[in-house]
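# Per-entry structural report
Letter by letter, the chains look like this.
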Amino acid sequence: MDLVLRPGRPDDAAECGRICYEAFAGIAREHDFPPDFPSAEIGVGTMEMLLNHPGFYSVVAELDGRIVGSNFLDERSPVVGVGPITVDPLGQNGGVGRRLMRDVMDRTAERGAPGIRLLQSGYHSRSFALYAGLGFQFRETVACLQGAPIGVAVPGYLVRPAREEDRPACDDLCRRVHGVDRGGELADAVTQGTARVVEHEGRITGYATDLAFFAHAVGETTEDIRALIGAAEAFGGPGILVPARNSALLQWCLGHKLRVVQLMTLMTIGLYNEPDGAYLPSILY
């Protein structure tokens, strides 16, 4: 039987969502970790969002006419983010994941995107080996943190909802910290009402698209990120992602009773600049 790759369609959401849930849950159970997608319904909802969003490229793998996996590429900003990539547990370790990864890498090359990024679960050594073998470089370890809202204000740092007119300043901030902006993601978050900005001494010094697994944040300093975390009403999904090398931020979060859910690995191909500031990645990058 030949493996066929094709573009994803909205009507693939139910089967792709089932596979997404079962694949992540199965691997997590093997290692005694909680799954990133706690139910099949959440898996299906995520697939519906991705398959219907014009900013995401999707690819579905079929074997003998049956869906066996899928992969996605977030193309909303100059650097692209991979995931979630999932393969039916009955078909894992048979090369489907590699084919799905090659497809999105080819798509990136065709579009001329300067870089690709992803995060993988630190306990899943097979996926780490797959990505490293495909040319991805290790960049840093990231801690996924979850817990009750902290409810702490940082003196001198005002957190408020982001407005449309804030976007140029936020994009400029992201370019100063990372070398590229994430304007497409920010635009979505402003429209959805989840984006927040930090003002310090009368200017924007930080922003977050949300405080959640699928969201990112950028700040000039660690204080900006502390202010965003401290003002969050909840931490969506499995939690927020804190670079482990930012010991001051990580220890502050732990001191406010957030707990480490798992460690993850940020990996990249192509353009990558060492961050010149503080940040929280999303699960896509």
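Here's what I pulled together on the structure shown here. (Residues numbered from 1 in each chain as written. Predicted model: local features only at pLDDT ≥ 70, side-chain atom pairs only at ≥ 80, totals over all residues. Heavy atoms only, no water.)

Attention shifts here to unusual backbone geometry. A cis amide bond, omega 0°, links glycine 83 with the succeeding residue proline 84. Following the sequence through the fold, proline 84 ends up in the loop between strand 4 (80-82) and strand 5 (86-87). The backbone of aspartate 32 shows a phi angle near 65°, a positive value even though the residue is not glycine. Here aspartate 32 lies in the loop between helix 1 (13-30) and helix 2 (40-52). On the accessibility criterion, aspartate 32 (72% relative accessible area) is exposed. Although it is not a glycine, glutamate 201 sits at a positive phi angle of roughly 55°. Secondary-structure assignment places glutamate 201 in the loop between strand 9 (196-200) and strand 10 (203-208). Exposure remark for glutamate 201: the relative accessible area of 71% places this residue in the exposed category. (Helix = DSSP H or I, 4+ residues; strand = E, 2+ residues; numbered from the N terminus. Buried < 20%, exposed > 50% of the residue type's maximum accessible area, 1.4 Å probe, protein only.)

With five of six residues buried, strand 10 is to be regarded as a mostly interior element. As judged from the five bridges shared by strand 9 and strand 10, these two strands associate in the antiparallel manner. From the neighbouring strand, valine 198 faces strand 10, where its bridge partner is glycine 206. Where strand 9 folds back onto strand 10 in an antiparallel hairpin, the turn is made up of two residues, including glutamate 201, whose phi is positive at roughly 55°. Relative to strand 11 (residues 217-219), strand 10 is paired through three bridges, and the arrangement is antiparallel. Bridging from a neighbouring strand, alanine 208 pairs with alanine 217 of strand 11. (Pairing = 2+ DSSP bridges.)

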